[in-house]
Amino acid sequence: MEKSFHVIRILTLFAILCANGAFGISEKPMMKAVVAHEYGAPEVLKIEAVTRPEPKDDEALVRVIASGVNPADPLTLGGKFAKEWGTHLPLIPGYEIAGIVERTGANVTSLKAGDAVYGYPTFGGGWAEYVTVKEWEVAPKPKSLSFAEAAAVPMGALTAWQALVDVARLHEGQTILIHGGSGGVGSFAIQIAKMRGARVIATASTANQDLLKQLGADVAIDYTKQKFEEIAKDVDCVLDPVGKDTLARSYAVMKKGGIILTLVARPDPEELEKHEIRAEGIWVKPNAKDLSEIGQLIDAGKIKPIVTQIRPLSEAIAAEQQAETHHTRGKVVLRIADEPKN
Ligand SMILES: NC(=O)c1ccc[n+]([C@@H]2O[C@H](COP(=O)([O-])OP(=O)(O)OC[C@H]3O[C@@H](n4cnc5c(N)ncnc54)[C@H](OP(=O)(O)O)[C@@H]3O)[C@@H](O)[C@H]2O)c1
């Protein structure tokens, strides 16, 4: 009796030590992730083994295959908007993911293990082998895309969709001026505007004039060689992801009653009044319904992502530096795991 009591005590002690990570055996599964322990430049990012997140009752755990890179990643990393964006250290960047649902919380009804999904986790975390998402942050991955291509869609396409469709209600017969037409947002905006029957004038630098045309722009303007206001006149809508001087010069090209959609800068109320136009600041939100609709359009061949580079996770710093330039053609994607076979 005394001997078996002794054995139980030893086994209990062993279990406690294991749970606390002794002998290198831990109860908590680990994963590889890109992590920042301090705010700063891309160089603060490190690849580390961290504890895999646990899905809450209203969340799913997704095994990430690929993750998109956005100008929002270096902004988050800089820490300037930590309070407004709800970010905290240590932080894992990554607002766009495509992957496979590993497991779901007790209250999740629309997702199940094995589902291929793509989406926008509100607080990032996508540059990791696993991320937890809410049901409303993801939708079925478009079947016609690889995971790497699907990871290039969520943030840019949602921003363009919410601006042009939900806010501006762009329609046939209207003309839209899309600045930055070759970027993550602009490349979707051109395609969505064309799909809605609008006439599209788009701007980009010399190297991206071919892309503007390929995406369907009726008029492509090289902003390094020509002032857009010499060509664009009486437009119904402007999408401005650039700000500064570009926003300031855009008021005068608009029709009375037109709408200017700004992604980065605050419009000048005096200019709006003077030109009798209105403005809306766009703040993209994850939305499963929008992502489903966008996914269906992709599978129908109506819109497509432009993937300019697929880089390994080990090149996360270089990818972040590229995002900071604001001169990315389409989208850079980080490969986290191999594409599943089927
Ligand atoms: N408010 C929101 O909800 C929201 C959502 C998404 C993104 N954003 C912001 O919107 C901006 C654009 O995002 P993104 O993902 O499209 O960025 P991106 O992929 O870096 O693309 C930026 C594009 O702008 C073009 N560009 C740069 N300077 C220009 C100029 N002076 N005139 C015309 N085009 C110019 C670049 O073309 P060239 O390389 O040819 O110069 C590039 O294709 C970023 O600042 C991002 O943070 C805001």
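Residues numbered from 1 in each chain as written. Predicted model: local features only at pLDDT ≥ 70, side-chain atom pairs only at ≥ 80, totals over all residues.

A. Fine view of the domain arrangement of the protein chain. For the protein chain, the assigned domains read domain 1 (27–153 + 305–335) and domain 2 (156–281). Taken over C-alpha atoms, the centre of domain 1 sits 28 Å from the centre of domain 2. Listed as interface residues are 8 residues of domain 1 and, on the opposing side, 9 residues of domain 2. For the side of domain 1 that touches domain 2, a count of residues per class yields 3 nonpolar, 3 polar and 2 charged. (Domains from an automatic or database assignment. Contact = placed C-beta atoms within 7 Å. Nonpolar A, V, L, I, M, F, W, Y, C, P; charged D, E, K, R; others polar.)

B. Seen up close, the sheet that holds strand 10 (residues 219–222). Taken together, 6 strands build an open sheet; the order of strands is 10-9-8-11-12-13 and the sheet is parallel. Since the sheet does not close on itself, it has two edges, and those belong to strand 10 and strand 13 (278–281), each with one partner. Across this sheet, the average inter-strand angle for adjacent strands is 15°, counted without regard to direction. Inspection of the sheet shows strand 9 (residues 199–204) paired to strand 10 by 4 bridges, in the parallel sense. Its bridge partner being in strand 10, Ala202 is matched across the sheet by Ala220. (Pairing = 2+ DSSP bridges. Helix = DSSP H or I, 4+ residues; strand = E, 2+ residues; numbered from the N terminus. Axes fitted to C-alpha atoms, helices over the stretch in contact; angles between N-to-C directions.)

C. View of the pairing of strand 12 (residues 254–262). In terms of strand pairing, strand 11 (residues 235–240) meets strand 12 through 5 bridges, oriented parallel. Along strand 12, the bridge assignment pairs Leu239 with Leu261. Handedness of the crossover joining strand 11 and strand 12 through helix 8 (residues 244–250) is recorded here as right-handed. Sheet topology places strand 12 next to strand 13; 4 bridges connect them, and they run parallel. Note on strand 13: the bridge partner recorded for Ile260 is Ala279. For the crossover that starts at strand 12, traverses helix 9 (residues 269–275) and ends in the parallel strand 13, the hand is right-handed. (Right-handed = clockwise from strand over helix to strand, strands pointing away.)

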